[in-house]
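# Notes for the structure review
Residues per chain are reported as follows:
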Amino acid sequence: MASDECQDVGKSSWPELLGTKGEEAAATIERENPNVDAEIVLEGSFVLPVILCNKVRVWVDTNGIVTRVPVIG
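Computed from a predicted structure; not experimentally measured.

Among the six residues of strand S2 (residues 55-60), five are classified as buried, and the element is accordingly described as predominantly covered. With six bridges connecting them, strand S1 (residues 37-42) and S2 associate as parallel partners. Bridge pairing links Leu42 to Val60 in S2.

Dropping the structure here:
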């Protein structure tokens, strides 16, 4: 679920991308919502727990497959 802090930012969740290739998912996210930047992150990586309304983390496994539903924040 996208953060309640991020409102009126356009499309905020991409459940249809779960299980797809990370690079394709990132491109789709940026095409469908030009207000955000998609960042591919390898599962297990440390990221700061910061809510950014212009960022979508695309979590992928070692094969580059999306493992979590991408959401804004």
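There is more to say, and it comes next.
Attention now moves to helix H1 (residues 22-32). Taken together, the buried positions of H1 are Gly22, Ala25, Ala26, Thr28 and Ile29. Along the axis of H1, the buried residues cluster in a sector spanning 165°; they form a single face. Of the exposed residues in H1, the ones pointing more than 90 degrees away from its buried face are Glu23 and Arg31. In this fold, the buried residues of H1 make contact with S1 and S2.

With respect to the helices and strands, the residue Asn33 is situated in the loop between H1 and S1. According to the relative accessible area criterion, Asn33 is buried, its value standing at 2%. A polar contact of 2.8 Å, which involves the side chain of Asn33, links it to the backbone oxygen of Lys11. Residues in contact with Asn33, not counting those within four places in the same chain, are Val9, Gly10, Lys11, Trp14 and Ile72.

This next bit is on the layout of surface pockets. In this structure, the largest pocket occupies an estimated 170 Å³ of space. As for the largest pocket, its lining consists of Val47, Pro49, Val50, Ile51, Arg57, Trp59, Arg68, Val69, Pro70, Val71 and Gly73. In terms of residue class, the lining of the largest pocket is built from eight nonpolar, one polar and two charged.

Thresholds, definitions, all that
Residues numbered from 1 in each chain as written. Predicted model: local features only at pLDDT ≥ 70, side-chain atom pairs only at ≥ 80, totals over all residues. Heavy atoms only, no water. Buried < 20%, exposed > 50% of the residue type's maximum accessible area, 1.4 Å probe, protein only. Helix = DSSP H or I, 4+ residues; strand = E, 2+ residues; numbered from the N terminus. Pairing = 2+ DSSP bridges. Arc of directions from axis to C-beta. Contact = heavy atoms within 4.5 Å. Polar contact = N/O pair within 3.5 Å; in protein donor to acceptor, adjacent residues only side chain to side chain. 1 Å grid on protein atoms, 1.4 Å probe; cavity = no way out; pocket = protein on both sides within 12 Å on 5 of 7 lines; lining within 4 Å. Points joined across faces, edges and corners; volume = space filled by probe spheres on them. Nonpolar A, V, L, I, M, F, W, Y, C, P; charged D, E, K, R; others polar.

The quantities given are spatial measurements derived from coordinates; they are silent on function.
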